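Now for the letters of each chain:
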Amino acid sequence: MTARVEVFVRLKPGMLDPQGATLEHALEALGYSGVRGLRVGKWITFDLEGDDSAALESQVEEMCRRLLANPVIERYEYRLARDGAE
Amino acid sequence: MTARVEVFVRLKPGMLDPQGATLEHALEALGYSGVRGLRVGKWITFDLEGDDSAALESQVEEMCRRLLANPVIERYEYRLARDGAE
Amino acid sequence: MSDRVPVGVVRFPGTNCDQDVWDAVSSVAPARPVWLWHKERDIRHVRAIVLAGGFSYGDYLRAGAIARFSPIMEEVVRFARAGGPVLGVCNGFQILTEAGLLPGALTRNDRTTFVCRPQWLKVEATDPPFTRAYTPGEVVRFPVAHAEGRYVAPPDVLDRLEAEGRVVFRYVDANGERTPESNPNGSLHDIAGIVNEARNVLGLMPHPDRAMDLRLGSEDGRGVFRGLVEAAA
Amino acid sequence: MTTAIHEPPVTTEAVQAHGLTAGEYARICELLGREPNFTELGVFSLMWSEHCGYKYSRAWLAELPTSGPHVLQGPGENAGAVDIGDGLAVVFKMESHNHPSAIEPYQGAATGVGGILRDVFTMGARPVALLDSLRFGEPDDPHVRYLFRHVVRGIGDYGNCVGVPTVGGEIVFDDAYRGNPLVNAMCVGVLRHDRLMRAAAGEPGNGVYVLGAATGRDGIHGASRLASTELSQDSTESRPTVQIGDPFSEKLLLEATLELIESGVTAGIQDMGAAGLTSSSSEMASRAGTGIEIDVDRVPRREPGMTAYEVLLSESQERMLVVAGEAREPELMAIAAKWDLPCTRVGTVTADGVWRVLEGGAEVCAIPVAALTEEVPRYVREVERPEYVDALHAWSPPGGWLDGLDPLAALETLLGSPSIASKRWVWEQYDHQVRTSTVTGPGADAAVLSLRGSNRGLALTVDGNGRYAYCDPRRGAALAVAEAARNLAAVGARPLAVTDCLNFGNPEKDAVYWQFTEAIRGLADACRALGTPVVSGNVSFYNESRNGAIHPTPTVGMVGVIDDLERRIPPDRAAPGDRLLLIGGEGTHLGASSFLKEVGGECAGRAPAVDLEAERAHGDAVRTLNEAGLIRTARDVSDGGLAVAAAELLFALDPEAGIELEIPPDEVWGAFFGEDGARFVVAVAAPDERAARDLLAARGVPARPLGRIAADGVYRLLKVGERSRAALAEHYFGAIPRLMDRVESSR
Ligand SMILES: Nc1ncnc2c1ncn2[C@@H]1O[C@H](COP(=O)(O)OP(=O)(O)O)[C@@H](O)[C@H]1O
Ligand SMILES: [Mg+2]
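Computed from a prediction, not measured in an experiment: that's the story for all the values here.

Reading guide: rules and limits
- Residues numbered from 1 in each chain as written.
- Chains lettered and ligands numbered in written order.
- Predicted model: local features only at pLDDT ≥ 70, side-chain atom pairs only at ≥ 80, totals over all residues.
- Heavy atoms only, no water.
- Helix = DSSP H or I, 4+ residues; strand = E, 2+ residues; numbered from the N terminus.
- Rg over C-alpha atoms; globule rule 2.2 N^0.38 Å.
- Buried < 20%, exposed > 50% of the residue type's maximum accessible area, 1.4 Å probe, protein only.
- Contact = heavy atoms within 4.5 Å.
- Near = heavy atom within 4 Å.
- Polar contact = N/O pair within 3.5 Å; in protein donor to acceptor, adjacent residues only side chain to side chain.
- Areas by Shrake-Rupley, 256 points an atom, 1.4 Å probe, with all protein chains shown as cover.
- Nonpolar A, V, L, I, M, F, W, Y, C, P; charged D, E, K, R; others polar.
- Expected span 1.5 Å × (residues − 1).
- Least-squares fit on C-alpha atoms with pLDDT ≥ 70 in both.
- Buried area = accessible area lost by both parts, 1.4 Å probe.
- Salt bridge = Lys/Arg side-chain N within 4 Å of Asp/Glu carboxyl O.
- Pairing = 2+ DSSP bridges.
- Axes fitted to C-alpha atoms, helices over the stretch in contact; angles between N-to-C directions.
- pLDDT = per-residue confidence, 0-100.
- Left-handed = near helix turned anticlockwise from the far one by under 90°.
- Disulfide = S-S within 2.5 Å.

**Description of the overall build of chain A**
Each helix and strand counted, chain A has 2 helices and 3 strands in total. Mapped from its N terminus to its C terminus, chain A presents α and β elements in the order β-α-β-α-β. Its C-alpha radius of gyration of 16 Å places chain A more than 25% over the 12 Å reference for a compact globule of 86 residues. Across its three principal directions, the C-alpha atoms of chain A cover 50 × 30 × 15 Å. Within chain A, the fraction of its 86 residues that count as buried is 47%. For chain A, contacts bridging at least 24 residues in sequence account for 73% of all contacts bridging at least 6.

**So, the environment of B:Arg10**
Along the chain, the position of B:Arg10 falls in strand S1 (residues 2–11). On the basis of relative accessible area, B:Arg10 is assigned to the partly exposed category, the value being 31%. Linking B:Arg10 and B:Tyr76, residues 66 residues apart in sequence, is a C-alpha distance of 6.4 Å. When neighbours within four sequence positions are excluded, B:Arg10 is seen to be in contact with A:Trp43, B:Gly41, B:Ile73, B:Glu74, B:Arg75 and B:Glu77.

**Things to note about the site of ligand 1**
Residues and elements named next belong to chain D. The environment of ligand 1 is made up of 19 residues, and the closest members are Gly76, Glu77, Lys93, Glu95 and Asp500. Contact between ligand 1 and Glu95: an oxygen atom at 2.5 Å from a side-chain N or O atom of the residue. In the environment of ligand 1, a nitrogen atom lies 3.0 Å from a nitrogen or oxygen atom belonging to the backbone of Asn538. Here ligand 1 loses 91% of its free accessible area of 560 Å² to cover by the protein chains. Taken together, the residues that form the shell around ligand 1 break down as 7 nonpolar, 6 polar and 6 charged.

**Some thoughts on helix H26 (residues 725–740) of chain D**
Here H26(D) is 16 residues long and its end C-alpha atoms lie 23 Å apart, about the 22 Å a rise of 1.5 Å per residue gives. Along H26(D), the residues classified as buried are D:Arg725, D:Leu728, D:Ala729, D:Tyr732, D:Gly734, D:Ala735, D:Ile736, D:Leu739 and D:Met740.

**Section: the relation of the copies chain B and chain A**
Turning chain B through 179 degrees and shifting it by 0.0 Å along the axis lays it on chain A, with an RMSD of 0.3 Å. Both copies of the chain, as the preceding transformation shows, are related through a two-fold rotation axis. Among all residues of chain B, the minimum C-alpha distance to the rotation axis is found for B:Lys42, at 2.3 Å. The share of interface residues of chain B whose copies in chain A are also at the interface is 100%, consistent with both copies meeting through the same surface.

**Quick look at the interface of chain B and chain A**
Frequently, the measure chosen for interface size is the accessible area that the parts lose on association. On the chain A side, the residues contacting the 32 residues of chain B number 32 residues. Buried surface at the junction of chain B and chain A, summed over both partners, amounts to about 2900 Å²; 66% is from carbon and sulfur atoms. Of all residues in chain B, B:Tyr32, B:Trp43 and B:Leu67 bury the most surface against chain A, accounting for 25% of the area lost on that side. Run the count over chain B and chain A and you get 0 salt bridges. Linking chain B to chain A there are 12 residue pairs in polar contact (both at pLDDT 80 or more). Secondary-structure elements contributing two or more residues to the side of chain B that touches chain A are S1, helix H1 (18–29), strand S2 (35–49), helix H2 (53–68) and strand S3 (74–82) of chain B. Per element, the largest residue contribution to the side of chain B that touches chain A is 15 residues, and it comes from S2(B). Its residues assigned to classes, the side of chain B that touches chain A comprises 17 nonpolar, 5 polar and 10 charged.

**What about the interface of chain C and chain D?**
Between chain C and chain D, the residue contacts involve 29 residues of the former and 31 residues of the latter. Between chain C and chain D, roughly 2400 Å² of surface is buried when both sides are summed, and carbon and sulfur atoms account for 54% of that area. Put simply, chain C and chain D have 6 salt bridges between them. Residue D:Arg452 pairs with C:Asp23 through a salt bridge whose shortest N-O separation is 2.9 Å. Along the contact surface separating chain C from chain D lie 11 residue pairs in polar contact (both at pLDDT 80 or more). Looking at the side of chain C that touches chain D, the elements that each hand over two or more residues are helix H1 (18–26), strand S6 (115–123) and strand S7 (139–146) of chain C. Across the side of chain C that touches chain D, the residue classes break down as 13 nonpolar, 8 polar and 8 charged.

**A closer look at the sheet that holds strand S2 (residues 31–37) of chain C**
Residues and elements named next belong to chain C. Spatially, 9 strands are ordered S2-S1-S3-S4-S11-S10-S9-S6-S7 in an open sheet, and the strand pairing comes out mixed. What marks the edges here is a single partner per strand, and that holds for S2 and S7. Each strand of the sheet is rotated relative to its neighbour by a mean of 25 degrees, with strand direction disregarded. Note: strand S3 (residues 48–51) against strand S4 (residues 86–89), 3 bridges, orientation parallel. Directly across from Ile49, in S4, lies its bridge partner Val86. Together, strand S1 (5–11), S2 and S3 form the strand contacts of H1, whose direction differs from that of S2 by roughly 155 degrees.

**Looking at the confidence of the model for chain D**
Residue and element names in this part refer to chain D. Scored by pLDDT, chain D has a mean of 94; 96% of the residues are at 70 or more. Considering only residues more than four positions removed or in separate chains, one finds that residues 222–238, a stretch of pLDDT under 50, has 35 contacts. Our summary of model confidence lists the complex with pTM equal to 0.96 and ipTM equal to 0.94.

**A few points about the packing of helix H20 (residues 510–530) of chain D against helix H22 (residues 612–627) of chain D**
Residue and element names in this part refer to chain D. Look at H20 against H22: their axes get within 9 Å of each other, and the N-to-C directions meet at 35 degrees. The handedness of the crossing between H20 and H22 comes out as right-handed. In contact with Asp525, Ala526, Ala529 and Leu530 of H20, H22 contributes Leu612, Glu615 and Arg616. Split into classes, the residues belonging to the contact of H20 with H22 amount to 4 nonpolar, no polar and 3 charged.

**Things to note about unusual backbone geometry**
All names here are of chain D. One non-glycine residue, Glu318, lies in positive phi territory at about 55 degrees. With respect to the helices and strands, the residue Glu318 is situated in the loop between helix H12 (308–313) and strand S10 (319–324). Even without being glycine, Thr436 reaches a positive phi, approximately 40 degrees. Inspection of the secondary structure assignment puts Thr436 in the loop between helix H17 (424–427) and strand S14 (438–440).

**Overview of the sheet that holds strand S8 (residues 268–271) of chain D**
All names here are of chain D. If you walk across this open sheet you meet the 7 strands as S8-S10-S7-S11-S9-S12-S13, and the pairing is mixed. A single partner strand is all that each edge strand has here, and the edge strands are S8 and strand S13 (362–368). Averaged over all pairs of adjacent strands, the angle between strand axes in this sheet comes to 25 degrees, irrespective of strand direction. In this structure, strand S12 (residues 354–359) lies alongside S13, joined through 6 bridges in antiparallel fashion. Within S13, the position partnered with Arg356 by the bridge is Ala366.

**A look at the pattern of salt bridges**
Residues and elements named next belong to chain D. Overall, the coordinates contain 84 salt bridges over all chains when judged by the stated rule. The closest approach of N and O atoms between Arg27 and Glu375, which form a salt bridge, is 2.8 Å. Here Arg27 is found in helix H2 (residues 22–32), whereas its partner Glu375 is found in the loop between helix H14 (369–372) and helix H15 (387–394), with 348 residues between them in sequence. Taking the shortest distance from any N to any O, the salt bridge between Arg302 and Asp218 comes out at 2.8 Å.

**Topic: the state of the cysteines**
Residue and element names in this part refer to chain D. Overall, the coordinates contain 0 disulfides over all chains when judged by the stated rule. Of the cysteine sulfurs around Cys29, a residue in no disulfide, the closest is that of Cys365, at 15 Å. Cys29 sits in the buried class, given a relative accessible area of 17%. Its sulfur unpaired, Cys471 is 4.2 Å from the next cysteine sulfur, which belongs to Cys603. On the basis of relative accessible area, Cys471 is assigned to the buried category, the value being 0%.

**Some remarks on the side chain of C:Ser218**
Residue and element names in this part refer to chain C. Looking at the element boundaries, Ser218 is found in the loop between strand S11 (201–204) and helix H5 (222–232). There is a polar contact of 2.8 Å between the side chain of Ser218 and the backbone oxygen of Arg141. At 3.0 Å, the side chain of Ser218 and the backbone nitrogen of Asp220 are in polar contact. Excluding residues within four positions of it along the chain, Ser218 makes contact with Arg141, Arg210, Ala211, Met212 and Asp213.

Here it is, written out as C-alpha cells:
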C-alpha cells in the first residue's frame, strides 16, 4: 500500500527562532498587530510504499528520529493518509 | 477572539525542489526505498487576535499573499483553529 | 615524505574548504595530508582526521544532517572513540554535532544571514592537544564564514561544558572582551569551539585554515594544525 | 518530415507569437526548402532571438578588438581566455540575469551565478572568483529594498555553497533602474594552457550525453508558453517562469566536469542552462562542422507528459551536454557515478550537418545546423543621434546654485549616498575568502588573488557608469574601461583583457539603438588604446519598464596581473607622516558627476572628456612608481572625485589616522568633486617624495603635492574646513545598514 505522509518539524519551545521573529516583526510593520509567537517550521511531504500501515508508521517514526528532526533542538509530528484519502 | 493559525507553504508543483530531491536520495541511501515525490515546505504557526473568524481568515489570506508566501514560486494553504481547540 | 604523519582530509559531496585544509595540513612540517572520500570505509592509514568546511549535501535539511550518515562517518566515530584526534571546522563542526561526537547543535545565525568576517577569539582552554600552542586567554583572529553557526545546547550541557573546561574558543572583541557585537551569530555563552570529554575531538565554527598566512590577514590558525599533528605523532 | 504528436498548425498568429517577422519566416522556409512544423518554429524562435542569436548586436560586436598576443580564446566560446604566464591561463566572462531577477530576485540572481560558473568550468577552468555589477532603483522604495536584499542573498547563497569566493563588484542606485534592476555576474577561472577545452562536437559517431539535472518545464517563455499550452493543456499551471537554483548539484557538476576534462574522456562539453538543449547541441555541432541527432525520448524528465517542444526549449539549470567517443562511455559513466550525477546518452554526432530530433522513433525536426547558427539574421540600422542628448549637453548649472553650500557637508552627503557608501553589508554576506587566495578582498579598488603554483597575483574589477553613458554613450563606455584600468593600476596590476555586459533598453527604438552603437565605439576605442582586448561578454536588451528604458549601462570586467604578489599595492599600507601626491592634474568637471546627482539632484551635462593616452600613461606611471618601491598606497579618482577618493583612502587606515588636503581655494568644487579621468591619489613615504615627483616629472606626468597622512583622526581640507574621521565614517559605513537592517514590510 501507499500512504501520503506529512511530517511537521519545529524548533523546541524556548529555542530562539530568528526567522520567525523577523517574520512576526514584518507582519507587525504591515499592520497585523494581533500576531503572537510566530514560529517557522518544516513541512515535509512524500508518498511512502509499504506493506501495512503499522509498518509504514514505524518507518516514518524512524526516519524522523534518525534524520528528519534533530532531537537536540527540534520536535516532530507526522500524519499518514491512505493515498486518495487525506 | 484568538485563533491558532497554521500556514503551509510549498513550491508550486513542477518547480524543482533541490532540497526535497536531495533528502529523498538520502532517505533511500538510509534504506527507505519506498519514498517518492518528497517536497520540503514551510510550516508557519502563530496566534492571531481578531474580532471574528471571518476577519481573522481574511487577514491570514492577506498575510500569505503579501508576506508569508512568495506567489511567484510558492503555493500556500492555512488552517485556523479556535484557541484551545485542535 | 612517507614518515610524515598522515592526516585524513574528508571530502563529502559539497565540501569546499578541502583544498584549504589540505594546504594548511601540508604547511605543518611533519604532516602529510591524505584525501578520504565519503564512501570509504578503510581509514587505517591515517593518524588524524579533519572534517573541512563547506556545504555537505548543500546543507539541505540541516547543516551536516545528511553527511553524518556517510559510510566514512562510521569510521570517523570509531576512530574518535578510540582516542584518535579529530578536528571539525565549520561544516565539519556541524557534522560532528549531528553525529553525536560533540554535544549541542548549530542553528541559524541570529542575524539570519550568512556572515563572513575576520573574528577575534579567546583561547579558553589549552589542555586539549589542538590548543597547546597557545597561552591561556590568548586572543587570536580566525575568519568566520557561515549561516548556521549559532551554538545551542540545553542548560545542563552548557554548565557541564563550562565546568569541565571544554569551551575552547569564545567570540570576543580585539581586547578580549565579550560584547554583543563580538558575537557574530548569537551563540550561547559566545561559544565558538568545544571539545569532547576525552579532548580528542575539537569542533569550531571559525576557520583556522583561513588563518595560515599573513598575506590573508592572520597566521594565528597554525597552532591548531600543529596541535592536531603533534597529537597524532 | 512527420510532425510531433498532437502539434498545433503553424499559423501566421503562431509565427507572430513566436516573435518572428514575416520576413524572417520566409527566410526560414527558404533555408528549410519547406515550411517548418510547430516544434521547428519554436526552435527557430529561440535560436533567432536576440538572447541567443544576437540579431541586433552581432554585427556591431565585430567592431570590438578581440585579439592580442596573450589571447588564447576570444569571443565565440563559452568564455574567453588569456595567458598570464607560468603556463597558466585565466578564463572569464560576465553575463546578465536582469529579467529573471526582476521577477524573483533571489532565484534570478542565484541562477545567474550558476550560469556564469558553468560558462567558465565548461572551458576546463576551475572557478576562483566571482564578481557582480548590480543596479537598483533608489532604495527609499521598499520594493527596491526587497529586490536588493534578495539579489544579494541569492548571489551569496549560490557562490558560498559552490565554494567560489565573491571578491568584488559594484552597486549603483538610481531611479533609472527602478522597474528594471541589473544583475551582471562575472566569473574568473584558472587552468593550465594545455587543459583549455572548447565546446565542439568532435567526430561523427561520437555519443551525445546529458549530464546532471533532469529536464523540467522551466523557463519556457512568452509566446512559446502560449504555444505549448496547446501542446499539453495540463502543463501551464505547473510551468515555472522562474527557475530554482541548486548550488549543490552545481558543485557536483563542477567537480565532475573538471575531472572529465582532466581525464580526457570528453570530446566537447557545453552548458545547457540558458538556451537549453537546442542551442547547446546546435552550437556544438556548428563549431565542429558536423550534424547532430537527438532522441528526445531519452532525455531524463522531471515531469510526465512533456512534449518534444518543451524538452528542446526547457531552460532547466545545472545540466551539461557532453560529447564523447563511444569507447570512452564507461569512463564517462564512472566519473558521473562517482559524483552521484545522472548521465544519459541522448544522441549521436552525425556527418550531414543537420540538426535532427527524433521522438517516438519519428523525425520531428531536421534543420541545417547553419540555419540555427551562422544564418541568424543580422540587422544594422543607421540612426540619428536623439535630441535628449542635446538637451542634456545644453544643461548648465543655475547661477549661484552652490552659494552657501559647505564642501564638507557635501562630502558627508556623498559618503552617505547608497551608491557611494560602503557595501560591507553586502559583502559580509558573501564568502569572499574560501579557497584562501583572497589577498585583497571587497572594498578596495580591485580584488587581488594569489595563484597556486605561481608568485604572480591576479587583479579583478568590474566597472560601469550608466549616468555617463546616458549623457554620452561613447564616452561612458570608454570611461568604464578606463576606470577599470585605473582600479587595476591602483593595486599595482597590469591590465590584460576585458569581458563586458552591455545592458540596454529596446534596440528596436532608435534612441536605444544609437546608445548601443555609440557605446560599442567607446568600448572599442578604449580597449584598443589600453591594449585590453574583449575576450567575452554578453548583451542584454529590452531592459525597460513603465518608466521607460534604463540608463544605457555597459559594464566592464577587467582582469590584470601582478608579476610579483609581494609588489602589490595594499589599500591599508599608508601611515601618519606619509605624503600624498595627486597624479593627473586638477579636477574641474562636474557634468554627469556623483556630486551633481547626490548633492545637486541632477543627471545632466556631459560625461568627462576621455583622454586615453593620459589614462595609459598615468597608469603606467603608477606601476613604475610602484616597481621603484616608491608607493605606500594608492586610490584612483572616480565617483565623487578627489573628496571621496581621499576619504576611502583614509577609511582603509588605522582609526587614529587623519588626512590633510590642500586644493586651490578658488576652484574648490571642481577640484574637490570633479570626476576628470586619468587621476590617482598616491601616498609615498616622506623621504621618497622627491624621488617620486622627479620620476613623474621625467615621464611628463602632471603631479602635485596634495597633502599628508596625519595622526589626529581628522579629515582636513586646508583653508576650507574639517570633519572628524569618525563622523565621516558614520555616514560612509552606516548608510546601507541604516537602510537594510530594519523591519521590512513588503516585497
Ligand atoms: N558584449 C559582448 N562582447 C564580447 N563578446 C560577446 C558579447 N556579448 C556576447 N559575446 C560573446 O558571444 C558569445 C555568446 O554569448 P552568450 O549567448 O552570452 O553565451 P552563452 O549563451 O554561452 O552564455 C559568447 O562567446 C560571448 O562571449
Ligand atoms: Mg554558456
